[in-house]
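Chain and residue survey
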Amino acid sequence: MLATYILKQLFSETPNNVKFQSKFLVFYIWTSFVALFTLPFFVFRPKNVKNSLCGAQIVKHVTKLIEVKWHLRNGRVLAEDRGAVIISNHQSSIDILGLFNVWHVAVKIAAIARKELFYIWPFGLAAYLAGVVFIDRNCTKDAYKQLKVTSDVMVKNKTKIWIFPEGTRNKDFTKLLPFKKGAFNIAVAAQVPIIPVVISPYYFINRKKNIFNKGHAIIQCLEPVPTKGFTMEDVPQLIIKVQNIMEIAYKELSKEVISALPPNYPLATQD
């Protein structure tokens, strides 16, 4: 009976919680499976960013099952062989799939994640061995120390750090949340450029309505913002500048993806 009910919900034309959760469940199960499979290999070269690239190349294919397509623009910015701080907007747990789909362009990336994710095994352990840096947001001092060590590696090994400066998932499709200063402090301290990356709104997802339709997302790389010669006193203005250009790009992408939809499309971003 339960199996019949689930199948009916999955193939129903009407949005429902079973269909909605199944998309995320497929993503989580596949990610956990890949983590479990790759763990033995990651152990032999722990904290190596090449592990992340390997894992990303496998995990990214799940996007075909959840019917999301990613389109990268201006990828040459990510491909430049130098240390940098990449900052992008944060909308959902599937943001990581967007990251995985462009990882091969930048090659050497160290992602920053909140400490709580480390305890979700096997993913957390595999991510740790793959070079993901886990920080405790509740302890600013320890978090900054960890990021300082990471920034030293970034400069030495020409690795890019990927950070979500909003700090949490943004459920407002009309604007970005205020940026936290951590990413900007690191960039200025290391004197490396900031690469703003804007992901278009997920018009195909709405948790309140249990909607997770097929869709596409644009990952727009903006031109690097230099920090050479900047000091910590310049950070507040730097944050304002970068957030402004990302806000503009986000609104432009929003108009683009929404205007391309059919007139009768059930827009998930509308309450």
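Each chain carries its own residue numbering, running from 1 in the written order of its sequence. At least 70 in pLDDT is required for a residue's local features to be given in this predicted model, at least 80 for side-chain atom pairs to be given and counted, and no such filter applies to totals for whole chains, interfaces and linings, which use all residues. To obtain the side-chain values, all non-hydrogen atoms of the structure were used and water was disregarded.

To keep things clear, this is the line we draw: UniProt positions are given in the numbering used here, feature names are shortened, and annotations may be inferred rather than shown by experiment.
Per an unreviewed UniProt entry, the recorded name for the chain is 1-acyl-sn-glycerol-3-phosphate acyltransferase, and the organism is Leptosia nina. Listed under Sequence similarities (unreviewed entry) in UniProt, the entry text for the chain is "Belongs to the 1-acyl-sn-glycerol-3-phosphate acyltransferase family." Under the UniProt heading Pathway (unreviewed entry), the entry covering the chain gives this text: "Phospholipid metabolism; CDP-diacylglycerol biosynthesis; CDP-diacylglycerol from sn-glycerol 3-phosphate: step 2/3."

**Points about the pairing of strand β6 (residues 194-199)**
Spelled out, the test is: Exposed residues in this analysis have more than 50% of their type's maximum accessible area, buried residues have under 20%, and partly exposed residues fall in between, with area computed by a 1.4 Å probe over protein chains only. Put simply, DSSP H or I for four residues or longer makes a helix, DSSP E for two residues or longer makes a strand, and each gets a number counted from the N terminus. Here, any two strands with at least 2 DSSP bridges between them count as paired.
Judged by how many residues are buried, β6 sits mostly within the fold: six of six residues are covered. Burial of the side chains of β6 extends over both faces: I194, P196 and V198 are buried on one face and I195, V197 and I199 on the other. When strand β2 (residues 84-88) meets β6, the two strands line up parallel, connected through four bridges. Bridging across to β6, I87 finds its partner in P196. Bridge analysis of β6 against strand β9 (residues 215-221) gives three bridges, and the strand direction is antiparallel. Within β9, the residue paired with V197 across the bridge is C221.

**Re the nonpolar core**
Heads up, the condition is: For the purposes of this section, nonpolar cores are sets of buried Ala, Val, Leu, Ile, Met, Phe, Trp, Tyr and Cys residues that join through side-chain atoms within 4.5 Å. Two residues form a contact once any of their heavy atoms are found within 4.5 Å.
Grouped together as the largest cluster of nonpolar side chains are 73 residues, with contacts concentrated most on I94 and F184. Ranked by residue count, the leading element in this core is helix α10 (residues 235-259), at nine residues. When near neighbours in sequence (up to four residues on either side) are disregarded, I94 contacts F24, F27, W70, Y202, F204, I205 and F212. Grouped together as the second largest cluster of nonpolar side chains are six residues, L39, A126, L129 and A130 included.

**Concerning the sheet that holds β9**
Inclusion rule: Here, axes are lines fitted to C-alpha atoms. For helices the fit covers the stretch in contact, and angles between N-to-C directions go from 0 to 180 degrees.
As summarised here, the arrangement of the seven strands in space is β1-β9-β6-β2-β5-β3-β4, forming an open sheet in which the pairing is mixed. The sheet is open, and its two borders are formed by β1 (68-73) and β4 (133-135), each paired with just one other strand. Averaged over all neighbouring strand pairs, the angle between strand axes comes to 25°, with direction disregarded. Against the sheet, helix α9 (residues 182-190) engages β2, β5 (160-163) and β6, with an angle of about 160° to β2.

**Structural notes on the packing of aromatic side chains**
How two aromatic rings sit relative to each other is given by the distance of their centres and the angle of their planes. Where we set the bar: Ring pairs are drawn from Phe, Tyr and Trp, using the six-membered ring of Trp, whenever the two centres fall within 6.5 Å, and their geometry is named by plane angle: stacked under 30 degrees, edge-to-face over 60, tilted for the rest. A ring is scored as having a charge over it whenever the NZ atom of a lysine or the CZ atom of an arginine sits within 6 Å of its centre and within 35 degrees of its normal.
Taken as a whole, this structure holds 16 aromatic pairs when the rule is applied. Judged by centre distance (5.2 Å) and plane angle (65°), the rings of F24 and F212 are edge-to-face. Linking F24 in helix α2 (residues 17-42) with F212 in strand β8 (residues 211-212), this pair joins segments that are 188 residues apart in sequence. Just as F24 is buried, F212 falls in that class too. A centroid spacing of 5.6 Å and a plane angle of 25° characterise the contact between W30 and F33, whose relative ring orientation is stacked. Highlighted residues: W30 and F33, both in helix α2, separated by three residues, approximately one helical turn. Residue classification places W30 among the partly exposed residues on the basis of a relative accessible area of 29%. On the basis of relative accessibility, which here comes to 48%, the residue F33 falls in the partly exposed class. Here a set of aromatic residues connected by ring pairs shows up, and it is made of F20, F24, F27, Y28, W70, Y202, Y203, F204 and F212. Cation over ring: R207 sits above F24, and NZ or CZ is 4.7 Å from the ring centre.

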